[in-house]
Amino acid sequence: MSKMKSLSLSLSTAALLAATPAMADINAEQLWAIWQEQATEFGYTLTAQATPNGSGLTLTNITSTMMIEDVSVSGTIPQVTLTNQADGSVIISAADSMTYSITGFDDADAPDAVNIQLSLQGLGGFATGSPEMMTLNSGFERVTVESIDFVGGDPSEIPEIIHNISLDGYGASATYDFTNPAMLGFTSSGTLSGLTFDVEMFEPASGAEPELVPAPQPNMPAPGKVVTPAAPQPTPLPAPTGGRGDGHLNLSIALAGMESTSTGTMPRGIDWMTIDTFPAGFSISGDATYNSASAGFMFVDTYENVDFSASNTGGSIGFGVSEENLRYALAATGVTLNLATNEMPFPVAASADSTALSIDMPLAQSATPSPFSATIAYQGVAVEESLWAMVDPGQAIPRTPATVIVDLSGTVQLFVDLMMIDPESMMAPPGELRDLTLNNLQVSFGGAELTGSGDVDFAPGQMIPMPVGAVNLSLTGANTLIQSLSEGGLLPPQQAGMARGMLGMFAIPGASPDSYTSTVEFLPGGGITANGVPLQ
């Protein structure tokens, strides 16, 4: 599926929400007409049997259909009622069920259709405002996937599925601006109490017995000799029973306490299914926070297994995209990770007090430099003792959590639109750096810490960019860490001596014990010095 067609699916969902109430100060017939118009504009069809009911319209078998490549995705709600109110608002109520049907798979072994039945509890909303500026309040108590059915296809290729999928406690308020016939503007806010996604899939039995391979016998070490255990060899599972084969997949995601806001402008009259880049005036941005999240992935068959899990105690998600700019940001606190596979001799477990990753960059060609920024921050990173014991069984290195923070900003000149680049035909870089600022550098490990900041500039037209400027660095605890590495056998004495010599040559002792400072200068012509001592 192309990037633009994936985007169009999301845009069409937004359009459906925008069009559902259509206009709050109009009658139900006008509402339904505008709803269909918005559906067509965003690349899907909307049909229903519309029947007047005395106070509005009853829409029976209201169905939206979208084509993604050759695959058709169609959703049907048995009934939606639009009721005109005396105060000029429109109440929207829906039936308690919905069916999705996915057809058009081109694989010969694929099913003819996948039908998904949803239960809708308390789905409804109301619209207020005017045809030019309309506000929709909507929500539901709970949406649950009741069944997933495969129609047709090769039974030996269709897995057995056990699922628990639901959304709970959703509420949103969105305002849509239709005053500009060429552009749709919107702002919205919403809350979601919880998301549960838990799916187990079992490979259908093939009818063949798996070939059993004897487990290897361990070699006994000589007395007093330490032997690192080898990776465990896969052991076949018992023959499949109950119609299930060897493969077993479990995927789970949980999210709690989400709050979000978004805003944007979207050109109207655009064929979203055929565009190759973002149209002029297109801009969408949003930010969300949540209280906790977790994810798990487990796969096992006759000869391999993978078990992964991750969780956090809260975080945030941010994004922004337009014809000129891209913004993306993730952050979380209280992060834990666990991984075990039959390819590894031991499980891996790690944690972090906080993690963050963000990027804000231009996309469009410009006659002047454009700003950009990027940040990566992992604070309080720790691994379990079993991993430490593999490299430092004597505990010579302090087990203090590690931190890595790099915060950069600057400007870049783009010569082409990045969304239009064809990597196969690109003969030159799409742009050039003009300046780069190291706002914050912080790396701590084993009791040592390196910090820094600085600025460099880049002249236009350089085949190989050469910075001109300076970076100021500060280092504490370096000698102590070198000594710990040496005592633990991880750094030979000769290399430890070389490291101490490099510190004395290129760094200046600081005000406190075992501390150093250094100013690294990048000179015109490519020269580099550290406190005046040439490095290049």
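Structure first, text after, so check above.
Being a predicted model, the structure only gives us computed values, none of them experimental. (Residues numbered from 1 in each chain as written. Predicted model: local features only at pLDDT ≥ 70, side-chain atom pairs only at ≥ 80, totals over all residues. Heavy atoms only, no water.)

### What about the overall build of the chain?
Part 1 of the argument: Counting its regular elements, the chain contains 5 helices and 26 strands.
Part 2 of the argument: By residue count, 33% of the 536 residues in the chain fall in the buried class.
Part 3 of the argument: At a minimum sequence separation of 6, the contacts of the chain that also span at least 24 residues come to 61%.
Part 4 of the argument: Put simply, the chain shows about 28,300 Å² of open surface, and 60% of that area lies on carbon and sulfur atoms. (Helix = DSSP H or I, 4+ residues; strand = E, 2+ residues; numbered from the N terminus. Buried < 20%, exposed > 50% of the residue type's maximum accessible area, 1.4 Å probe, protein only. Contact = heavy atoms within 4.5 Å. Areas by Shrake-Rupley, 256 points an atom, 1.4 Å probe, with all protein chains shown as cover.)

### Quick notes on the pairing of strand E4 (residues 90–94)
Part 1 of the argument: Two strands pair when backbone bridges link them, and strand E3 (residues 71–84) and E4 are joined in this way by 5 bridges, in the antiparallel orientation. Bridge pairing links Thr-81 to Ser-93 in E4.
Part 2 of the argument: In this antiparallel pair of consecutive strands, E3 and E4, the connection spans 5 residues, and Gly-88 shows a positive phi of 90°.
Part 3 of the argument: Pairing of E4 with strand E7 (residues 124–129) involves 4 bridges; the strand directions are antiparallel. Directly across from Val-90, in E7, lies its bridge partner Ala-127. (Pairing = 2+ DSSP bridges.)

### Some thoughts on the packing of aromatic side chains
Part 1 of the argument: On inspection of all chains with the given rule, the structure shows 3 aromatic pairs.
Part 2 of the argument: Aromatic side chains Phe-140 and Tyr-170 sit 5.2 Å apart centroid to centroid with 25° between the ring planes, which places their arrangement in the stacked category. Remark: Tyr-170 occurs in strand E9 (residues 160–177) and Phe-140 occurs in strand E8 (residues 133–151); sequence separation between them is 30 residues.
Part 3 of the argument: Take Tyr-170: its relative accessible area is 29%, and that puts it in the partly exposed class.
Part 4 of the argument: Geometrically, the ring pair formed by Trp-388 and Phe-445 is stacked, given 6.1 Å between the ring centres and 15° between the ring planes. Here the residue Trp-388 occupies a position in helix H3 (residues 385–391), and Phe-445 occupies one in strand E20 (residues 431–445), the gap between them amounting to 57 residues.
Part 5 of the argument: For Trp-388, a relative accessible area of 12% gives the class buried. (Phe/Tyr/Trp six-rings, centres within 6.5 Å; stacked < 30°, edge-to-face > 60°.)

### A short note on unusual backbone geometry
Part 1 of the argument: Positive phi values are uncommon outside glycine, yet Glu-69 reaches one of about 60°.
Part 2 of the argument: For Glu-69, the location among the structural elements is in the loop between strand E2 (56–68) and E3.
Part 3 of the argument: By relative accessible area, which is 44% here, Glu-69 ends up partly exposed.
Part 4 of the argument: A positive phi angle is found at Asn-531, which is not glycine, with a value near 55°.
Part 5 of the argument: In this structure, Asn-531 sits in the loop between strand E25 (528–530) and strand E26 (533–534).

### What to know about the pairing of strand E19 (residues 402–414)
Part 1 of the argument: In terms of strand pairing, strand E18 (residues 370–383) meets E19 through 10 bridges, oriented antiparallel. Residue Ser-370 lies in a different strand from E19, and its bridge partner there is Val-412.
Part 2 of the argument: One ladder, built from 12 bridges, connects E19 with E20; its direction is antiparallel. The partner of Gly-410 across the bridge, within E20, is Leu-436.

### Structural notes on the layout of surface pockets
Part 1 of the argument: Taken as a whole, the second largest pocket holds about 410 Å³ of empty space.
Part 2 of the argument: Taken together, 21 residues make up the lining of the second largest pocket; nearest its centre are Tyr-290, Asn-312, Leu-330, Ala-332 and Thr-355.
Part 3 of the argument: Counting residues per element, the ones that place at least two in the lining of the second largest pocket are strand E11 (244–267), strand E13 (292–300), strand E14 (305–312), strand E15 (315–322), strand E16 (325–341) and strand E17 (348–362).
Part 4 of the argument: In terms of residue count, E16 provides more of the lining of the second largest pocket than any other element does, 5 residues in total.
Part 5 of the argument: Among the residues making up the lining of the second largest pocket, the classes are represented as 16 nonpolar, 5 polar and no charged. (1 Å grid on protein atoms, 1.4 Å probe; cavity = no way out; pocket = protein on both sides within 12 Å on 5 of 7 lines; lining within 4 Å. Points joined across faces, edges and corners; volume = space filled by probe spheres on them. Nonpolar A, V, L, I, M, F, W, Y, C, P; charged D, E, K, R; others polar.)

### Description of the pattern of salt bridges
Part 1 of the argument: Following the criterion strictly, the structure yields 5 salt bridges and no others.
Part 2 of the argument: In this structure, Asp-168 engages Arg-142 in a salt bridge whose closest nitrogen and oxygen atoms are separated by 2.4 Å. Taken together, the residues span a long stretch of sequence, with Asp-168 in strand E9 and Arg-142 in strand E8 at a distance of 26 residues.
Part 3 of the argument: Note that Arg-399 is salt-bridged to Glu-385, the shortest N-O span being 3.0 Å. (Salt bridge = Lys/Arg side-chain N within 4 Å of Asp/Glu carboxyl O.)

### Here we look at helix H2 (residues 28–41)
Part 1 of the argument: The first and last C-alpha atoms of H2 sit 20 Å apart over 14 residues, in line with the 20 Å expected at 1.5 Å per residue.
Part 2 of the argument: Considered for burial, the residues of H2 that qualify are Ala-28, Leu-31, Trp-32, Ile-34, Trp-35, Gln-38, Ala-39 and Glu-41.
Part 3 of the argument: Following H2 by one or two positions, Gly-43 has its phi on the positive side, about 90°. (Expected span 1.5 Å × (residues − 1).)

### Describing helix H4 (residues 478–487)
Part 1 of the argument: Every buried residue of H4 is accounted for by Ala-478, Leu-481, Ile-482, Ser-484 and Leu-485. Each buried residue of H4 sits inside an arc of 160° when the element is viewed along its axis, so together they form one side.
Part 2 of the argument: Looking at the residues trailing H4, positive phi occurs at Gly-489, about 80°. (Arc of directions from axis to C-beta.)

### Here we look at a nonpolar patch on the surface
Part 1 of the argument: Nonpolar side chains collect at one region of the surface, where Ile-317, Phe-319, Tyr-328, Leu-330, Leu-357, Ile-359, Ile-376, Tyr-378, Val-404 and Val-443 lie side by side and expose about 750 Å² of accessible area between them.
Part 2 of the argument: At the level of secondary structure, the elements contributing two or more residues to the nonpolar patch comprise E15, E16, E17 and E18.
Part 3 of the argument: Along the chain, Ile-376 falls in strand E18.
Part 4 of the argument: On the basis of relative accessible area, Ile-376 is assigned to the partly exposed category, the value being 32%. (Patch = residues over 30% accessible without salt bridge, like charges linked within 9 Å, V, L, I, M, F, W, Y side chains within 5 Å.)

### Some thoughts on the packing of H4 against helix H5 (residues 493–506)
Part 1 of the argument: Two elements in contact, H4 and H5, have axes separated by 10 Å at closest approach and are oriented at 175°. Taken together, the axes of H4 and H5 lie roughly antiparallel to each other. Here Ala-478, Asn-479, Ile-482, Gln-483 and Ser-486 of H4 come into contact with H5, specifically with Pro-493, Ala-496, Ala-499, Arg-500 and Leu-503.
Part 2 of the argument: By residue class, the composition of the contact of H4 with H5 is 6 nonpolar, 3 polar and 1 charged. (Axes fitted to C-alpha atoms, helices over the stretch in contact; angles between N-to-C directions. Parallel < 35°, antiparallel > 145°, perpendicular 65-115°, else oblique.)

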